[in-house]
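# Working through the structure, step by step
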Amino acid sequence: IAAAKLLKSDKLIMHASHYYEQPDEKAIRKAIEMTVKLAKEACFPGLLIENSTVYEVVKDHTRHYIGYSYEQMKELLELSGAGFCLDLEHAAIAASQLGTTFQKQVEELLPLKPDYFHLSGAHFSPKERHLGHHLSLFEGEVDKDFAREVLRKANKQVCLETPIDIEQRKMEVEFLKK
C-alpha cells in the first residue's frame with residue numbers, strides 16, 4: 001500500500017484470502033471476512049479485488065481460495081466497497097478445476113463489471129499444469145481470441161502478466177489491437 005501511494009498509483013490489486021482447511025462454509029466465511037477486513041483497512045480508493053482459482057497445491061498442502069465464483073466475488077465487492085479486477089488466466093484455471101469452460105467462467109463474472117483486467121497464457125489442464133502460468137499469450141491453453149473479444153467489449157485497461165520479452169510483448173500488443 002505504501003509503495004502504491006508513493007508511486008501515486010490509481011489502482012492497487014489484491015488477491016482474496018485463502019485457507020488450508022477443508023472447503024466448508026465456516027472456512028469460506030472466515031476467508032471472506034478476512035479479505036473484507038484487509039480491503040477496508042487498506043483505505044485505498046482504487047483498490048481492486050482479483051478473482052482467483054479454486055485451489056492450488058503448495059508443497060504437500062492444498063490451498064483453497066475464495067473469489068472464483070460470481071457469488072463469492074459479488075459478496076466480496078459489496079462488503080468491501082472495492083472494485084473488480086478480472087484475471088482471465090485465473091478464470092481459465094478455475095474453469096478447468098470446476099469442470100466448465102473458460103467462456104462460461106468469464107461470462108459468469110462479467111456482470112460484476114470489471115474495472116481492470118489481467119491477461120496471460122497458462123497451462124491449466126491436469127496434464128499440463130506443471131508447465132506454468134503467467135506465460136506469453138501465445139503459450140498455454142487460454143483462449144486468447146475469446147479473451148481479446150472480452151477486452152474489446154469491456155474497453156478497460158489490461159495488464160499483460162507475461163514474461164518481459166520486448167519482442168514477444170510487441171507481438172502480444174499487436175495481437176490484442178487486431
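First things first, this report covers the structure right here in the doc.

Parameters and conventions
- Residues numbered from 1 in each chain as written.
- Predicted model: local features only at pLDDT ≥ 70, side-chain atom pairs only at ≥ 80, totals over all residues.
- Heavy atoms only, no water.
- Helix = DSSP H or I, 4+ residues; strand = E, 2+ residues; numbered from the N terminus.
- Buried < 20%, exposed > 50% of the residue type's maximum accessible area, 1.4 Å probe, protein only.
- Contact = heavy atoms within 4.5 Å.
- Pairing = 2+ DSSP bridges.
- Axes fitted to C-alpha atoms, helices over the stretch in contact; angles between N-to-C directions.

### A closer look at the environment of L112
For L112, the location among the structural elements is in the loop between helix 5 (102-109) and strand 7 (116-119). Assessed through its relative accessible area of 14%, L112 is described here as buried. Each C-alpha atom, one on L112 and one on S52, is 14 Å from the other, the two residues being 60 residues apart in sequence. Excluding anything up to four places from it in sequence, L112 contacts Y70, M73, K74, L77 and F84.

### Examining the sheet that holds strand 5 (residues 61-65)
In space, the three strands of this open sheet follow the order 2-5-4, with antiparallel pairing throughout. With one partner strand each, in any of the chains shown, strand 2 (18-19) and strand 4 (55-58) form the two edges of the open sheet. In this sheet, strand 5 lies alongside strand 2 in antiparallel orientation, the contact comprising two bridges. Within strand 5, the residue paired with Y19 across the bridge is H64.

### Concerning the sheet that holds strand 7
Ordered in space as 1-3-6-7-10, the five strands form an open sheet in which the pairing is parallel. The sheet is open, and its two borders are formed by strand 1 (12-15) and strand 10 (157-160), each paired with just one other strand. Each adjacent strand pair in this sheet contributes to an overall mean axis angle of 30°, direction not counted. Across three bridges, strand 3 (residues 47-50) lies against strand 6 (residues 83-87) in parallel orientation.

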